[in-house]
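# Architecture and fold: a report
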Amino acid sequence: MKNLNFELAIPAITLVITLLVISTLYPEQSQLLASSAMHFVTSWFGWLVELVSLALVGFLFWLAFSKYGSIRLGEEKKEHSNFSYGGMIFTAGVGASLIYWGIGEPMYYLQSPPLFAEPNSYAAAAWSVTYSIFHWGVTGWAIYCFPAIPFAYAFYVQKKRTLRLSTLCEPVVGNNPIIAKTIDLLAIFGTLAAFASSLSLTVSLLSTGASALLGIKNSLLLQGSIILLFVLMLVAVMFVGFKKGISKVSDYTVIAAICFALFVLLVADSQFILNNFTDSIGVMLDNFFRMSLWTDPVQQSGFAQSWTQYYWFWYYAYLIMMGLFITRISRGRTIKEVILYTISMGSLGCAFFISIFGGYAVWAQLVGGLPVQQWMSEGGLTFAVVSLIQTLPLGNIGLVLFLVIQFFLMLTTMSSASVATAMLTTNKLELNGDPDHKVKLLWAGAIALISFSVFLCGGGIDTIKSLCVVAGLPMMFIYMILVKQLMMQLRGVNQIEALESHKSVNAETINAN
């Protein structure tokens, strides 16, 4: 633990738990304050996050195909196969939330559709899966991807062994201890709070499924037991090692998830799902820029603020988790490879799962006669997801398979979050970028403690989720700082190479004379 930066770790953990306690003691006041803050952020800066995020997509594709795209991040050979690399990025970015929201989002969009469509109309159905694929698509994965480039460049090319976010920002913002500490704490808070929210959602889904299968009460004891199981499995994965642990778990989980999705496609109305997927892709391609920049200033339905802008700010809050985890697994790859693999594998993988599970949910509600929206109104989205999975031919066996896949998807994300926060709070990293096991386990325990605190604190999760969006605002500005910092570094190297080439040509000319 000597290598752990306690000045960052302890305040960040304490801050999240303190906010949870306050939100429990004063639930109405804290939620009102957090919701007001989130409303302020989306109302005044929603237009900006849409512009910045779309510009970031363009910047990354330019960077990938520019002369800088060929820069190799480290001289060693690639550590992971392309499948493992893409799989780890995908599972780290989506966790167990993808299938959950892949079913839930289209239902919400049917009820409260975007772009002036009538609720539960044919137009609303056309937008339902389309917007789900869009929100989990290229823009979101571009936000996930970008931080990995400056982090990886600093670690593998410049050989820096401290990867604090404030250190990367220093060439632009200067060396101010207060600003540096604020940047690092905000980054850790965003990751801890966002991931704790995701883990809590997964635990709720798993406990609801286990309750339905075993006929037991969905209690705090059951939820705590599931969190403890996550920690024990994570300890086992950590001790096995990165390549044999996280990498293998990710590979098998992705394969299992794909097989389960294909099973759903085969036993459901395949024709409807495939046609709906094709139509959704066409609608999205036809309206990509409209969807990317829609703020709904006249009707003010709140859709853009509650969904698109919420998602974008949420992705920004994950800055260090995705940035540092992708950095850890990208040794030996070029900048172009990192960008194209992250965006393509992430967005295509999400489109695959959303089109199948979201398409099945839309078919079930509109054609199949299943009351999915009624399940949502009576028991919440978690109950609706479990009920829908039970309608598949395998019944409870299918639900068991679904829950196991969800567990391991979240386990991979939990491993990623532990690695990323450990890397950020390690004073000096090893050459392979892997933090000390004790530090990773500390963060795994901290994340589990925060997640369990969410259930102990009742409604505190809504406050934390709102504050994640608020934390995404300064993270968005830090992205702008990182863009400038990265270009300063890349152009500096390019200028040095050009100068050395010029000197070499002059020397050859002198020798020839």
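Residues numbered from 1 in each chain as written. Predicted model: local features only at pLDDT ≥ 70, side-chain atom pairs only at ≥ 80, totals over all residues. Heavy atoms only, no water.

Moving on, we come to the overall build of the protein chain. The helix and strand inventory of the protein chain stands at 19 helices and 0 strands. Its C-alpha atoms give the protein chain a radius of gyration of 23 Å, near enough to 24 Å, the size a compact globule of 513 residues would have. Across its three principal axes, the protein chain shows a C-alpha extent of roughly 90 × 50 × 45 Å. Of all 513 residues assigned to the protein chain, the portion counted as buried reaches 58%. For the protein chain, the share of sequence-separated contacts (at least 6 apart) that also reach a separation of at least 24 residues comes to 84%. (Helix = DSSP H or I, 4+ residues; strand = E, 2+ residues; numbered from the N terminus. Rg over C-alpha atoms; globule rule 2.2 N^0.38 Å. Buried < 20%, exposed > 50% of the residue type's maximum accessible area, 1.4 Å probe, protein only. Contact = heavy atoms within 4.5 Å.)

A word on helix α8 (residues 165-173). If you check which residues of α8 are buried, you get Leu 165, Ser 166, Leu 168 and Cys 169. Mapping the buried residues of α8 onto a view down its axis gives an arc of 155°, with all of them on the same face. One or two positions beyond α8, positive phi appears at Gly 174, with a value near 90°. (Arc of directions from axis to C-beta.)

In this model, the protein chain carries a mean pLDDT of 87, and residues with pLDDT of at least 70 account for 92%. Taken element by element, the predicted model of the protein chain shows its lowest mean pLDDT in helix α19 (residues 460-512) (73) and its highest in helix α12 (residues 270-293) (97). (pLDDT = per-residue confidence, 0-100.)

All right, on to the nonpolar core then. Counting residues in hydrophobic clusters, the biggest one holds 184 residues, and the most contacted among them are Leu 165, Phe 230, Phe 357 and Trp 443. Phe 230 has contacts with Leu 199, Thr 202, Val 203, Leu 206, Phe 407, Met 410, Leu 411 and Met 414, leaving out every residue within four places of it along the chain. (Core = buried A, V, L, I, M, F, W, Y, C linked by side-chain atoms within 4.5 Å.)

Turning next to the packing of α8 against helix α9 (residues 177-214). At a minimum axis distance of 9 Å, the contact between α8 and α9 shows a crossing angle of 135°. Taken together, the axis directions place α8 and α9 in an arrangement best described as oblique. The two elements α8 and α9 cross, and the hand of that crossing is right-handed. Judged by residue contacts, Leu 165, Ser 166, Cys 169 and Val 173 of α8 engage Ile 179, Ala 180, Ile 183, Asp 184 and Ala 187 from α9. A class-by-class count of the residues in the contact of α8 with α9 yields 7 nonpolar, 1 polar and 1 charged. (Axes fitted to C-alpha atoms, helices over the stretch in contact; angles between N-to-C directions. Parallel < 35°, antiparallel > 145°, perpendicular 65-115°, else oblique. Left-handed = near helix turned anticlockwise from the far one by under 90°. Nonpolar A, V, L, I, M, F, W, Y, C, P; charged D, E, K, R; others polar.)

Before going further, it helps to examine the pattern of salt bridges. Applying the stated rule across the entire model yields 5 salt bridges. Close ionic contact of Lys 181 with Glu 7 constitutes a salt bridge, the shortest N to O distance being 3.9 Å. In this pair, Lys 181 sits in helix α9 while Glu 7 sits in helix α1 (residues 6-25), placing the two residues 174 residues apart along the sequence. By relative accessible area, which is 32% here, Lys 181 ends up partly exposed. The salt bridge partner of Glu 79 is Arg 331, with a shortest N-O separation of 3.6 Å. Placement of Glu 79 in the loop between α2 (27-65) and α3 (82-94) and of Arg 331 in the loop between α14 (319-329) and α15 (335-366) is noted, with a sequence separation of 252 residues between them. Residues participating in the shared-partner salt-bridge network are Lys 78, Arg 333 and Glu 337. (Salt bridge = Lys/Arg side-chain N within 4 Å of Asp/Glu carboxyl O.)

Within the secondary structure, Ala 92 is located in helix α3. The exposure class assigned to Ala 92 is buried, which follows from its relative accessible area of 2%. Taking the C-alpha atoms as reference points, Ala 92 and Phe 325, 233 residues apart in sequence, are found 8.2 Å from one another. If we ignore the near neighbours within four places in the chain, the residues touching Ala 92 are Met 321, Met 322, Phe 325, Thr 413 and Ser 416.

In this section: the packing of aromatic side chains. Counted under the stated rule, the structure contains 40 aromatic pairs. Centre to centre, the rings of Trp 141 and Tyr 144 are 5.3 Å apart; their planes meet at 80°, and the pair counts as edge-to-face. Here Trp 141 pairs with Tyr 144, and both are found in helix α6 (residues 138-145), just 3 residues apart, close to one helical turn. The two residues Trp 141 and Tyr 144 agree in class, both being buried. Both rings, one in Tyr 316 and one in Tyr 479, keep their centres 4.6 Å apart while their planes meet at 90°; by these two values the pair is edge-to-face. Placement of the pair is Tyr 316 in helix α13 (residues 303-317) and Tyr 479 in helix α19, with a sequence separation of 163 residues. (Phe/Tyr/Trp six-rings, centres within 6.5 Å; stacked < 30°, edge-to-face > 60°.)

Time to look at the packing of α2 against α12. Their axes nearest at 8 Å, the elements α2 and α12 cross at an angle of 135°. As far as their axial angle goes, α12 and α2 are oblique. Across the interface between the two elements, Glu 50, Leu 51 and Leu 54 from α2 touch Phe 288, Phe 289, Ser 292 and Leu 293 from α12. Taken together, the residues of the contact of α2 with α12 break down into 5 nonpolar, 1 polar and 1 charged.

Let us look at unusual backbone geometry. Of note in this structure, Asp 296 is not a glycine but carries a positive phi near 55°. Residue position: Asp 296 is located in the loop between α12 and α13. Looking at Asp 296, the relative accessible area reads 2%, which means it is buried. With a phi close to 55°, Gln 300 is a non-glycine residue in the positive phi region. By the secondary structure assignment, Gln 300 is in the loop between α12 and α13.

Taking 1.5 Å per residue, 15 residues should reach 21 Å; α13 reaches 20 Å between its end C-alpha atoms and fits that length. The principal kink in α13, of about 35°, is found at Tyr 310. In terms of burial, α13 is largely enclosed, as 13 of its 15 residues are buried. (Expected span 1.5 Å × (residues − 1). Bend = angle between axes of the 7 residues up to and from the residue.)

You can see Ser 53 is positioned in helix α2. A residue is classified by how much of its surface remains accessible, and Ser 53, at 0% relative accessible area, is buried. Among the polar contacts listed, one links the side chain of Ser 53 to the backbone oxygen of Val 49, at a separation of 2.6 Å. Contacts of Ser 53, omitting those with residues within four sequence positions, involve Thr 139, Ile 143, Trp 312 and Tyr 316. (Polar contact = N/O pair within 3.5 Å; in protein donor to acceptor, adjacent residues only side chain to side chain.)

Another aspect to go through is the state of the cysteines. Enumeration over the complete set of coordinates arrives at 0 disulfides. The structure places no disulfide on Cys 145, whose sulfur is separated from the nearest cysteine sulfur, that of Cys 350, by 14 Å. Sulfur of Cys 259: no disulfide; nearest cysteine sulfur belongs to Cys 350 and is 18 Å away. (Disulfide = S-S within 2.5 Å.)

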